[in-house]
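What the coordinates show
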Amino acid sequence: MLNSAAAARRALPSIDRLLKLDAVVTLIERHGRPLVVETLRAVLDGQRAILAGDSEGIPPADDAVSEQCRARLHELSQPSLRPVFNLTGTVLHTNLGRALYPEVAARAAIAAMTRAVNLEFDLGGGARGERDSHVEVWLQRLTGAEAALVVNNNAAAVYLILNSLAPKKEVIVSRGELVEIGGAFRIPDIMARAGCKLKEVGATNRTHARDYEQAIGERTAAIMKVHASNYKIEGFTASVAESDLAAIAHRHALPFLNDLGSGMLIDLEAYGLPHEPTPREAIADGADIVTFSGDKLLGGPQCGLIVGRRDLIEKIRKNPMKRALRVDKVRLAALEAVLRLYADPARLMRELPTLRLLTRPQTDINAQAQRVLPALAAAVADHADAAIVECSSQIGSGALPVDALPSAGIALTPRAKRKRSAADALSTAFRALPVPVIGHIRDGAFILDLRCLDDESGFIAQLGGLRIEKHEPRRRKGAKDAQDANK
Ligand SMILES: *Cc1c(COP(=O)(O)O)cnc(C)c1O
């Protein structure tokens, strides 16, 4: 017995022989020799292990080995980070990459990637320049601020302003604003890491002007307001108006810092959307420094924008950590292109995907639902019923958490008894498509909110490849739906 297993192992094809097969030669052309040899070895090792445990086993044919090798290499050649269909109903989904670049920004980014650029080079004087200068004029124009800086994201912006303006000193914040934005970003933690002491004032629901006044002392370096991006305190509440906070700060010669979070550069009400505070309003209300994200409502690349008083901006710029948190030429190029779009509201509306998606009328989405329904119904015909449903989309990324946007989608309701696991199986099957489709599960149905479906024909074309498993394996512990987007 043992001898025959050993004989079978010895009878495995040799690497040299396999490398001469036509199919393997093709693989070498596509993937390069080292990767093919490595993969063949791995496949043979696997076979050897199987034969060691099975005395009756027969060694695989050359073709079978080369086919296994092809499959593994195919898997390996799939990019890990790749496009998906975001049909979650959350437009700015943090886990799905937030804002989509407008075409002009993508083109600017590619030019910056592939050619030398005047990143830190003053073309007028021929001397060294400042990388943030490319976007500063636009930010001045759009926010009314004296000066601007760009860093990696808004978390970095908050860290950098605190670390620059209040090291070893106290920063006063209301207890109603000690925000957490996605697991790792909490105001108290950022404060500590930035080397400041958080001075909490007021209560969760109510903070008054006198709370701030009484907290100001010798060690105070700033008063800070943090926008309650992803929650709302309702009922018996009180907070201090920003202009009053600014006045209190200025009476004590302190800077007033305002972290807006999303911060939209234009008034969204003009587009029929709920109001979101703008940096221009914050500056007009007396903020000395305002911070906001580039890839939330603004609809640009990931970055954090710091605008405000020139003397403070200069101080922040000189912090050595600015270097560690700066953005690269690619994102600066994209940001400049996006900010330019804001100069022309009509173009902005047409070309900025974030704004276009947020303002898509429900009738338009509903018409699309009618068009894609037959293909979806056919693709799931053996397992589920498909029907058009009303949805309410969310803006996402912590913007305007309580306001939902009326939308439309398709609900796929499994006919199986165990609805939840059948809906999980549907969700798994859609995620396994060449361009994975991400939806969400609600009341035992798999829901696809169509607000963000742009490539309709591409979506329909791949539905033929949908493979739904009868029994979804038990959910992994800790596995979550794609609904954890408000961060
Ligand atoms: C989103 C947000 C941040 C963090 O911004 P990122 O761009 O995710 O780094 C900070 N503060 C507030 C109030 C936010 O809403």
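Look up: the structure comes first, before these words.
We now turn to the structure provided with this report. (Residues numbered from 1 in each chain as written. Predicted model: local features only at pLDDT ≥ 70, side-chain atom pairs only at ≥ 80, totals over all residues. Heavy atoms only, no water.)

**Examining the site of the ligand**
Inspection of the region around the ligand gives Arg 98, Asn 153, Asn 154, Ala 155, Ile 181, Phe 185, His 227, Ser 229, Asp 259, Gly 261, Ser 293 and Lys 296 as its neighbouring residues. In this structure, an oxygen atom belonging to the ligand sits 2.6 Å away from a side-chain N or O atom of Ser 293. Here the ligand, which alone exposes 380 Å², has 95% of that area covered by the protein. Those elements that provide at least two residues to the shell around the ligand are helix H8 (154–165) and strand S8 (256–261). Taken together, the residues of the shell around the ligand break down into three nonpolar, six polar and three charged. (Near = heavy atom within 4 Å. Polar contact = N/O pair within 3.5 Å; in protein donor to acceptor, adjacent residues only side chain to side chain. Areas by Shrake-Rupley, 256 points an atom, 1.4 Å probe, with all protein chains shown as cover. Helix = DSSP H or I, 4+ residues; strand = E, 2+ residues; numbered from the N terminus. Nonpolar A, V, L, I, M, F, W, Y, C, P; charged D, E, K, R; others polar.)

**Digging into the sheet that holds strand S10 (residues 304–308)**
With mixed pairing, seven strands are arranged side by side in an open sheet as S2-S10-S9-S8-S7-S3-S6. For this open sheet the edge positions go to strand S2 (147–151) and strand S6 (197–201), each flanked by a neighbour on one side alone. Put simply, the sheet's adjacent strands are angled 25° from each other on average, direction ignored. Inspection of the sheet shows strand S7 (residues 220–226) paired to S8 by four bridges, in the parallel sense. Within the sheet, the bridge partner assigned to Met 224 lies in S8 and is Leu 257. Sitting on the sheet, helix H13 (residues 310–317) touches S2, strand S9 (289–293) and S10, and the angle it makes with S2 is about 30°. (Pairing = 2+ DSSP bridges. Axes fitted to C-alpha atoms, helices over the stretch in contact; angles between N-to-C directions. Contact = heavy atoms within 4.5 Å.)

**A closer look at the pairing of S2**
In terms of burial, S2 is a largely internal element, five of the five residues being buried. Side chains Ala 147, Leu 149 and Val 151 project from S2 onto one buried face, and the interleaved Ala 148 and Val 150 project onto a second face that is buried too. Bridge count between S2 and S10: five bridges; the pairing is antiparallel. Across the sheet, residue Leu 149 finds its bridge partner in S10, namely Ile 306. (Buried < 20%, exposed > 50% of the residue type's maximum accessible area, 1.4 Å probe, protein only.)

**Considerations on the environment of Ala 184**
Residue position: Ala 184 is located in the loop between strand S4 (180–181) and strand S5 (185–186). Separated by 29 residues in the primary sequence, Ala 184 and Ala 155 have C-alpha atoms spaced 9.9 Å apart.

**Description of unusual backbone geometry**
Residues other than glycine seldom take positive phi values, yet Lys 168 does so here, at roughly 60°. Considering the arrangement of structural elements, one finds Lys 168 in the loop between H8 and strand S3 (170–174). Look at Asp 443: it is not a glycine, yet its phi comes out positive at around 50°. Within the secondary structure, Asp 443 is located in the loop between strand S14 (440–442) and strand S15 (445–449).

**Looking at the pattern of salt bridges**
On inspection of all chains with the given rule, the structure shows 25 salt bridges. Residue Arg 360 pairs with Asp 364 through a salt bridge whose shortest N-O separation is 3.0 Å. With a relative accessible area of 35%, Asp 364 lands in the partly exposed category. Here the salt bridges share partners, and the residues they tie into one network are Glu 130, Glu 136, Arg 310, Glu 314 and Arg 317. (Salt bridge = Lys/Arg side-chain N within 4 Å of Asp/Glu carboxyl O.)

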